[in-house]
Amino acid sequence: MGNALLAIKDYDLAVQTFIALTNGDPSAAPALFSLIGRLYLQLGDIRSAQESFQAAESKAGDSSSDLCRKFQSMHKGFMDVTAGRYQDAFRHFQGVLRVEKFNGVAINNMAVCLLYTGKLTEAVQVLEELVWKDPPTHLQSATICNLCTLYELQSARANDKKLTLLRLVAKHCGDGFPAESLKLST
């Protein structure tokens, strides 16, 4: 329900829905408050994002737990990206990987940081490694869209690379994958 509300851009009701879900399933609260914080960042509400991130971290348990450390690093990374501190953000996203080695969100954001620091080739390598290492897990729309954008920036052969991704998507995801993520030109 919350994702459907996001799709129609009813952000207030989406936040209310996600908060209601935290009451119904306390184990999901850290991830849901983190999601709410990211939504607030996209809307430009930094204060509400910080409050949501703090709620996520407090619900994640002891501050020395792996789960809490993962959320702390991720949230610091998001805040650094928002402030344009891409090198600092990159280090925080690397911190997430010390807790969860193949965290797709952290790796996707690391690639964005690499791009903004002028390291296009490294950004492509980071996302390609993620996608090809475990396609069923990491063939996510946002990751593929970012990778295709990087291909466009990197090479005149971007369409060839995108067609290779299309074959990988067809093999592992089938018809349910949003084709527009591949940014194929006709």
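Residues numbered from 1 in each chain as written. Predicted model: local features only at pLDDT ≥ 70, side-chain atom pairs only at ≥ 80, totals over all residues. Heavy atoms only, no water.

## Observations concerning the overall build of the protein chain
Right, so step 1: Across its full length, the protein chain carries 11 helices and 0 strands.
Right, so step 2: Counting from the amino terminus, the protein chain carries its helices and strands in the arrangement α-α-α-α-α-α-α-α-α-α-α.
Right, so step 3: For the protein chain, the C-alpha radius of gyration of 17 Å lies close to 16 Å, the compact-globule estimate for 186 residues.
Right, so step 4: In terms of overall dimensions, the protein chain has C-alpha extents of about 45 × 35 × 30 Å along its principal axes.
Right, so step 5: Sorting the 186 residues of the protein chain into buried and exposed places 38% on the buried side. (Helix = DSSP H or I, 4+ residues; strand = E, 2+ residues; numbered from the N terminus. Rg over C-alpha atoms; globule rule 2.2 N^0.38 Å. Buried < 20%, exposed > 50% of the residue type's maximum accessible area, 1.4 Å probe, protein only.)

## Notes on the packing of aromatic side chains
Right, so step 1: Tallied over the full model, the rule gives 3 aromatic pairs.
Right, so step 2: Linked through ring pairs, Phe 53, Phe 78 and Phe 93 together constitute an aromatic cluster.
Right, so step 3: A cation over an aromatic ring shows up here: Lys 70 above the ring of Phe 71, its NZ or CZ 5.2 Å from the ring centre. (Phe/Tyr/Trp six-rings, centres within 6.5 Å; stacked < 30°, edge-to-face > 60°. Lys NZ or Arg CZ within 6 Å of the ring centre and 35° of its normal.)

## Description of unusual backbone geometry
Right, so step 1: Unusually for a residue other than glycine, Lys 9 sits at a positive phi of about 65 degrees.
Right, so step 2: Relative to the elements of secondary structure, Lys 9 occurs in the loop between α1 (2–7) and α2 (11–24).
Right, so step 3: Backbone geometry places Lys 183, a non-glycine residue, at a positive phi of 50 degrees.
Right, so step 4: Checked against the element boundaries, Lys 183 lands in the segment after α11 (158–172).
Right, so step 5: We classify Lys 183 as partly exposed; its relative accessible area is 29%.

## Considerations on the side chain of Asn 103
Right, so step 1: Note on placement: Asn 103 falls in the loop between α6 (86–99) and α7 (104–116).
Right, so step 2: Separated by 2.9 Å, the side chain of Asn 103 and the backbone nitrogen of Ala 106 make a polar contact. (Polar contact = N/O pair within 3.5 Å; in protein donor to acceptor, adjacent residues only side chain to side chain.)

## Overview of the confidence of the model for the protein chain
Right, so step 1: For the protein chain, per-residue confidence averages 92 on the pLDDT scale, and residues scoring 70 or more make up 99% of the total.
Right, so step 2: For the protein chain, per-element mean pLDDT is lowest for α1, which scores 80, and highest for α6, which scores 97. (pLDDT = per-residue confidence, 0-100.)

## Observations regarding the environment of Ala 158
Right, so step 1: Structurally, Ala 158 is set in helix α11.
Right, so step 2: Linking Ala 158 and Leu 184, residues 26 residues apart in sequence, is a C-alpha distance of 9.0 Å.
Right, so step 3: Setting aside residues up to four positions removed in sequence, Ala 158 forms contacts with Tyr 151 and Glu 152. (Contact = heavy atoms within 4.5 Å.)

## A few points about α6
For an α-helix, the turn length of 3.6 residues means that residues three or four places apart are oriented alike.
Right, so step 1: Between its terminal C-alpha atoms α6 stretches 20 Å, which fits the 20 Å expected from 14 residues at 1.5 Å a residue.
Right, so step 2: The complete set of buried residues in α6 reads Ala 89, Phe 90, Phe 93, Gly 95 and Val 96.
Right, so step 3: Where α6 is buried, its residues meet α5 (66–82) and α7. (Expected span 1.5 Å × (residues − 1).)

## Some remarks on the packing of α7 against helix α10 (residues 141–154)
Right, so step 1: Contact geometry for α7 and α10: axes closest at 10 Å, N-to-C directions at 25 degrees. Overall, the two elements α7 and α10 adopt an arrangement that is roughly parallel. Crossing angle aside, the handedness with which α7 passes α10 is left-handed. The residues of α10 that touch α7, namely those facing Asn 108, Val 112 and Leu 115, are Ala 142, Thr 143, Asn 146, Leu 150 and Leu 153.
Right, so step 2: Grouping the amino acids of the contact of α7 with α10 by side-chain chemistry returns 5 nonpolar, 3 polar and no charged. (Axes fitted to C-alpha atoms, helices over the stretch in contact; angles between N-to-C directions. Parallel < 35°, antiparallel > 145°, perpendicular 65-115°, else oblique. Left-handed = near helix turned anticlockwise from the far one by under 90°. Nonpolar A, V, L, I, M, F, W, Y, C, P; charged D, E, K, R; others polar.)

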